[in-house]
Amino acid sequence: MSLNTQSQSHLHAAAEALRQARQSRQAITPITQSHQVSGLDEAYAVAQINTEYKVSQGARIIGKKVGLTSKAVQQQLGVDQPDFGILFDDMEYLDGDAVPVSQLLQPKIEAEIAFILGKDLSGQAPSWGEFLAALAYAVPALEIVDSAIQDWKITLEDTVADNASCGLFVLGNQPIAIGSLNFAKLKMELEHNKVVASKGSGAACLGHPLKAAWWLARTMCEKGIGLKTGEIILSGALGPMVNVKTGDSVTAYIGRLGSVGCQLV
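Since we're looking at a predicted model, the values are computed, not measured. (Residues numbered from 1 in each chain as written. Predicted model: local features only at pLDDT ≥ 70, side-chain atom pairs only at ≥ 80, totals over all residues. Heavy atoms only, no water.)

**Examining the pairing of strand β7 (residues 168-171)**
So, point 1. On β7, burial covers both faces: L168 and V170 on one face and F169 and L171 on the other are all buried.
So, point 2. Bridge count between strand β3 (residues 92-94) and β7: three bridges; the pairing is parallel. In the strand pairing of β7, E92 is matched with F169.
So, point 3. Relative to β7, strand β6 (residues 135-145) is paired through four bridges, and the arrangement is antiparallel. Note that in β7 the partner of I144 across the bridge is L168. (Buried < 20%, exposed > 50% of the residue type's maximum accessible area, 1.4 Å probe, protein only. Helix = DSSP H or I, 4+ residues; strand = E, 2+ residues; numbered from the N terminus. Pairing = 2+ DSSP bridges.)

What follows is the structure, given as structure tokens:
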């Protein structure tokens, strides 16, 4: 989509509103209403403006996420298709870390499977074989999603513009070889303050987490962005999101893939 000068100005204003909301930790009305952001092309353009801003401020891109892959999460948010966002180095934590959710606005947590790239993917959208050959490892993960939009009253365009509602993420310490597990059949339980608060499985993620990750890889290549060696793919939620706050503890158990947990501060 070709965006004219007037719409570019309008998109920059929307991007600034989202940045200010996150910096002040004050949620705003949907930008689809306040700034008339319309359609996925405009929404991704807003997200790209803020990606470029973060990089200019010294942030480093270390991966991508595919979001809204779980039917349960889609129903929670009233949307019907996946989206993607950018992962930065200041979002990353490891199993057992204290994770500063106090810097977020209205955090929710979900269990996921993360894949690590073993080689670059660029150019044409990869075949299934090319994609599998590019993956090195999988680890259990927690994604702490967050929205700059009041009460999570978002359309697909609102969440896309807000970098797919990215917040923070936590990765397991022990990488597992890609071919050693059937990711679709893995069962997930997420404990919130030692009480099971969410259940799901790998099949909840677009039918198979690897298919969700492949969708992301193909989308990145089609957009000329690609994926680099060592980048992380968060492949999407395995079950419903759970509201969290400072002081909570969370642990996800994902079958033979292992567990990942953190303390929220």
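**Concerning the environment of G224**
So, point 1. Inspection of the secondary structure puts G224 in the loop between α7 (209-222) and β11 (232-237).
So, point 2. For the pair G224 and K108, spaced 116 residues apart in sequence, the C-alpha separation works out to 31 Å.

**Points about the environment of E92**
So, point 1. Among the structural elements, E92 can be located in strand β3.
So, point 2. With a relative accessible area of 33%, E92 lands in the partly exposed category.
So, point 3. Separated by 51 residues in the primary sequence, E92 and E143 place their C-alpha atoms 9.7 Å from one another.
So, point 4. Every residue in contact with E92, bar those within four places of it in the chain, is listed here: I62, F169, L171 and I232. (Contact = heavy atoms within 4.5 Å.)

**Considerations on the layout of surface pockets**
The rolling of a water-molecule-sized probe over the atoms marks out the regions of remaining empty space.
So, point 1. In this structure, the largest pocket encloses a volume near 600 Å³.
So, point 2. Taken together, 23 residues line the largest pocket, and the ones lying closest to its centre are R22, K54, D90, M91 and C166.
So, point 3. Listed by contribution, the elements that provide at least two residues to the lining of the largest pocket are α1 (5-24) and α3 (39-56).
So, point 4. If you tally residues by element for the lining of the largest pocket, the top one is α3, at five residues. (1 Å grid on protein atoms, 1.4 Å probe; cavity = no way out; pocket = protein on both sides within 12 Å on 5 of 7 lines; lining within 4 Å. Points joined across faces, edges and corners; volume = space filled by probe spheres on them.)

**Quick look at α3**
So, point 1. The end-to-end C-alpha distance of α3 is 26 Å, a good match for the 26 Å that 18 residues give at a rise of 1.5 Å each.
So, point 2. Among all positions in α3, only E42, A43, Y44, A45, V46, A47, I49, N50 and T51 are buried.
So, point 3. G58 sits one or two residues past α3 and shows a positive phi near 105 degrees. (Expected span 1.5 Å × (residues − 1).)

**A few points about the UniProt feature "domain: Fumarylacetoacetase-like C-terminal" (unreviewed entry) in the protein**
So, point 1. Look at the UniProt record and you will see "domain: Fumarylacetoacetase-like C-terminal" (unreviewed entry) annotated at residues 95-264.
So, point 2. For the annotated span residues 95-264, helix accounts for 16% and strand for 37% of the residues, and the straight-line distance between the end C-alpha atoms is 12 Å. (UniProt positions renumbered as here; feature names shortened; annotations may be inferred.)

**Considerations on the pattern of salt bridges**
So, point 1. Overall, the coordinates contain seven salt bridges when judged by the stated rule.
So, point 2. Between K199 and E189 there is a salt bridge, with its nearest N and O atoms 3.8 Å apart. Placement of K199 in strand β10 (residues 195-201) and of E189 in strand β9 (residues 187-192) is noted, with a sequence separation of ten residues between them.
So, point 3. Two residues, K245 and D248, come together in a salt bridge whose shortest N-O distance is 3.3 Å.
So, point 4. Given the relative accessible area of 52%, K245 is considered exposed. (Salt bridge = Lys/Arg side-chain N within 4 Å of Asp/Glu carboxyl O.)

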